[in-house]
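# Structure assessment
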Amino acid sequence: MKCRKYLSMIKAGIMEDMQFRGAIIMTFFGNLLYLLLAFFLWKAIFESSDSPVINGMTFSDTIIYLVFAAALFNFMEMWTVWNMGRDIQDGKIVVDLLMPCGYRRLRLFRGLGEVIVNFFTTLLPTAIIVYFISGKAIHLGLNILWFLISVFFSFFINYYIEFIVGTIIMYTESIWGIDIMKEVVVGVLSGAMIPLAFFPEGFKQIALALPFHAIIDSPMTLLLHPEYGLTDVVNILAMQVLWFVVMGILSDVFFKFSLRRITVNGG
Amino acid sequence: MEPIIQVNNVTKEFKVLNRSEGLKGSIKDLFSHDYKIVRAVDNVSMDIGQGEIVGYLGPNGAGKSTTIKMMTGVLKPTSGSIICNGVVPYDKRTLNAQNIGVVFGQRSQLWWALPAIESFNILKDIYLVEDKDYKDMLELYSTLVDMDSIMHKPVRQMSLGQRTLCDILASFLHNPPVVFLDEPTIGLDVAMKAKIRELVKMLNKEKNTTVILTTHDMGDVDALCERIVIIDKGKKIYDNDIEHLTGLFGAYRTLSVSLSKNKEILTKEELEQMETSVSNLLREQWPDVDMPVSIEDNEIQILVNEAFTGVVKVINAVQDKYKVYDMHITEISTESVIRKIYDGSKIVK
Ligand SMILES: Nc1ncnc2c1ncn2[C@@H]1O[C@H](COP(=O)(O)OP(=O)(O)O)[C@@H](O)[C@H]1O
Ligand SMILES: [Mg+2]
């Protein structure tokens, strides 16, 4: 009955998150504000263009994408960098390291509760609202299944990247700068803030070669392109699995290496 | 009996950057390779048996926490070795964690936003404690402290004392063979200190848990520890029971004499004069023995090491010369003895 350990941590995470109802509401309104700004920005962009289709996307395609991408991005947010930074800076990590559970796993399961809350407070309602407001523009079919499988890998790739960034704090001792840099890099290169289709060609190729696009661009592509054949779907998912494995190993090795540096040298 | 913890010739060195001063200095430090080695623990060995409560003492920066961190496995010794419950803690940290409980001063292992009882339930699952054992443990706890008054309060709303109490209870929850308490009573009021001492003592007795306790508070030591280990500048300087401590560092007693009928009206000058003349008298009588004289509470206080001169002889000598209106003798406290050791004053000649 080892999974008892993890279920209990998830449950605690949910309870803990529920304590901060104010934060949930603030996130909701913050997100709304962001979407309003995005709406008017993109409206201006489309109005100034001669054609109703830019880079293969109509205005409504773009807005559906952005709303959904933002919801997906918020859904995965479990403040890993922030929490790790605090653990490292005030030395509380010592207590966590003395739990009978690896640190990466501990952080993951402690954060999962919040992700589950996020699912019900952001992702699911957004999906339902977008579906009806857009006049059922989202196809309901196999694409939903591919999307869900893809989100599973997105979540872990995002977590591993955050864990790597959190580990960097052991060296820099600064949380703020690192966290903001991560938000910007991941926000842009994942396609959460601007669809990859709008990137200049060279920049787009770079983005596609990096792991970040597997977080938002991959699941969104699978969701909004039901016309993709099985080969395309498998290609996208295979790329995600690759990044899932690579980032998984990298985050583990980097953390263990950095920890050894601290336990041996005293940081 | 095989000791439960074996520490063999353990040394721990930290590599720290030599920091320069000022803004210019801190920019220079970014590229500096000017390291110095700090030896926090220096060739320490000890064996600890099951069920012992060991007081691990030393002044600030002596290396106590560093030793505890090595014994728990979060730091690796530079040289030497440690075995705890048959496991090398710094090689198998997660495995070792199952067999120990730890309280690190002010760092709580409790879930901040949740009531303490929720943290206990989570810890029960994380340490895979059986339902029955868990229930028994909570029952035992409720005989020792008033659980209802603290368990349902969110941890972040607790006082430091309540939180420490909960943290100590949490560290014993999975009934580990060894519990490490690093300065558990720091910053607590007298009543809470007493409660925590009682709690640790009871849990040690009930469960035969080995407890390693670091503290600055001699009250903790006197109440709990039969054995004390003292380190200073990383080196172990004492390892035995409290009785031996006083024996080894001299059978000290303080003799206080009142040389005036009404000591309250004595002026500072008069007292200082008495102090000097008593001091001179003693030096005449025992030129080879150092007997510090001081003024305390308008009386003359003489610190006598009975290994060299009997207190009665000193009283006689004083009485020969002065009229003594009042006197009393007090045993020197463990605290003063340990302070003397820290201060490095050579009591033993
Ligand atoms: N991580 C570290 N890096 C560098 N020096 C350290 C580190 N931890 C402790 N020290 C140094 O080691 C010595 C012992 O510290 P510590 O074990 O915390 O003492 P105590 O707990 O007895 O007060 C101190 O001089 C301290 O500055
Ligand atoms: Mg300490």
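Residues numbered from 1 in each chain as written. Chains lettered and ligands numbered in written order. Predicted model: local features only at pLDDT ≥ 70, side-chain atom pairs only at ≥ 80, totals over all residues. Heavy atoms only, no water.

## A short note on the environment of isoleucine 27 of chain B
Checked against the element boundaries, isoleucine 27 of chain B lands in helix α1 (residues 22-29). Considering only alpha carbons, one finds isoleucine 27 of chain B and glycine 55 of chain B, 28 residues apart in sequence, at a separation of 43 Å. (Helix = DSSP H or I, 4+ residues; strand = E, 2+ residues; numbered from the N terminus.)

## Regarding the domain arrangement of chain B
Looking at chain B, the domain boundaries give domain 1 (5-247) and domain 2 (251-331). For domain 1 of chain B versus domain 2 of chain B, the separation of C-alpha centres amounts to 43 Å. (Domains from an automatic or database assignment.)

## Observations regarding the interface of chain B and chain A
With 33 residues of chain B in contact, the opposing surface of chain A contributes 29 residues. Together chain B and chain A conceal approximately 2800 Å² of surface at their shared face, both sides included; 64% is due to carbon and sulfur atoms. When the buried area of chain B at its contact with chain A is split by residue, Arg107, Trp111 and Ile126 of chain B rank highest and sum to 21% of it. Across the chain B-chain A interface, the total number found is one salt bridge. (Contact = heavy atoms within 4.5 Å. Buried area = accessible area lost by both parts, 1.4 Å probe. Salt bridge = Lys/Arg side-chain N within 4 Å of Asp/Glu carboxyl O.)

## A few points about the pairing of strand β1 (residues 5-17) of chain B
Note that β1 of chain B and strand β2 (residues 35-48) of chain B share ten bridges and pair antiparallel. Bridging from a neighbouring strand, valine 16 of chain B pairs with lysine 36 of chain B of β2 of chain B. (Pairing = 2+ DSSP bridges.)

## Some words on the nonpolar core
Leu72 and Ile216 of chain A together with Ile5, Phe120, Tyr141, Phe180 and Ile228 of chain B are the most contacted members of the largest nonpolar core, which has 161 residues in total. Sorting elements by how many residues they give to this core places helix α7 (residues 142-172) of chain A first, with 13 residues. Excluding residues within four positions of it along the chain, leucine 72 of chain A makes contact with Leu123, Phe147, Val151, Ile215, Ile216, Pro219 and Met220 of chain A. Among the nonpolar cores identified, the runner-up in size contains 22 residues, and Leu271, Val278, Val304 and Val318 of chain B belong to it. (Core = buried A, V, L, I, M, F, W, Y, C linked by side-chain atoms within 4.5 Å. Buried < 20%, exposed > 50% of the residue type's maximum accessible area, 1.4 Å probe, protein only.)

## Some remarks on the pattern of salt bridges
Overall, the coordinates contain 24 salt bridges over all chains when judged by the stated rule. Ionic pairing is found between arginine 107 of chain A and aspartate 87 of chain A, a salt bridge with its closest N-O pair at 2.8 Å. Pair noted here: arginine 107 of chain A is in helix α6 (residues 103-133) and aspartate 87 of chain A is in helix α4 (residues 80-89), with a separation of 20 residues, a long-range link. Between lysine 233 of chain B and aspartate 232 of chain B there is a salt bridge, with the nearest N and O atoms lying 3.8 Å from each other. Salt bridges sharing common partners tie together Arg4 of chain A together with Lys124, Asp125 and Asp131 of chain B.

## Points about the layout of surface pockets
Residue and element names in this part refer to chain A. Approximately 1500 Å³ is the volume attributed to the largest pocket. Mapped onto the lining of the largest pocket, the elements with two or more residues apiece are α1 (3-18), α2 (21-47), α3 (59-75), α4, α6 and α8 (176-189). No other element matches the eight residues that α2 contributes to the lining of the largest pocket. Per-class residue counts for the lining of the largest pocket are 20 nonpolar, 13 polar and 16 charged. (1 Å grid on protein atoms, 1.4 Å probe; cavity = no way out; pocket = protein on both sides within 12 Å on 5 of 7 lines; lining within 4 Å. Points joined across faces, edges and corners; volume = space filled by probe spheres on them. Nonpolar A, V, L, I, M, F, W, Y, C, P; charged D, E, K, R; others polar.)

## Overview of the sheet that holds strand β5 (residues 100-104) of chain B
Residues and elements named next belong to chain B. Strand order in the open sheet made by the six strands is β5-β6-β7-β3-β8-β9, with mixed pairing throughout. Strands with a single pairing partner mark the edges of an open sheet, and in this sheet they are β5 and β9 (235-241). Adjacent strand axes in the sheet meet at a mean angle of 15° when their direction is disregarded. (Axes fitted to C-alpha atoms, helices over the stretch in contact; angles between N-to-C directions.)

## Some details on the sheet that holds strand β11 (residues 293-296) of chain B
Residues and elements named next belong to chain B. A sheet is described by the order of its strands in space; here four strands give the open sequence β11-β12-β10-β13, paired in antiparallel fashion. Two strands in the sheet have a free side with no partner beyond their single neighbour: β11 and β13 (326-331). Neighbouring strand axes in the sheet, compared pairwise and without regard to direction, differ in orientation by 25° on average. Relative to strand β12 (residues 299-305), β11 runs antiparallel, the two sharing four bridges. Bridge pairing in β12 places valine 293 opposite isoleucine 302. Where helix α11 (residues 268-285) meets the sheet, its contacts fall on β11 and β12, and the angle it forms with β11 comes to roughly 155°.

## A short note on unusual backbone geometry
Its identity as a non-glycine residue notwithstanding, asparagine 55 of chain A has a phi of 45°, on the positive side. If you trace the backbone, asparagine 55 of chain A turns up in the loop between β1 (53-54) and β2 (57-58). Assessed through its relative accessible area of 45%, asparagine 55 of chain A is described here as partly exposed. At asparagine 85 of chain B, a position not held by glycine, the phi torsion is positive, near 55°. By the secondary structure assignment, asparagine 85 of chain B is in the loop between β4 (79-84) and α3 (93-97).

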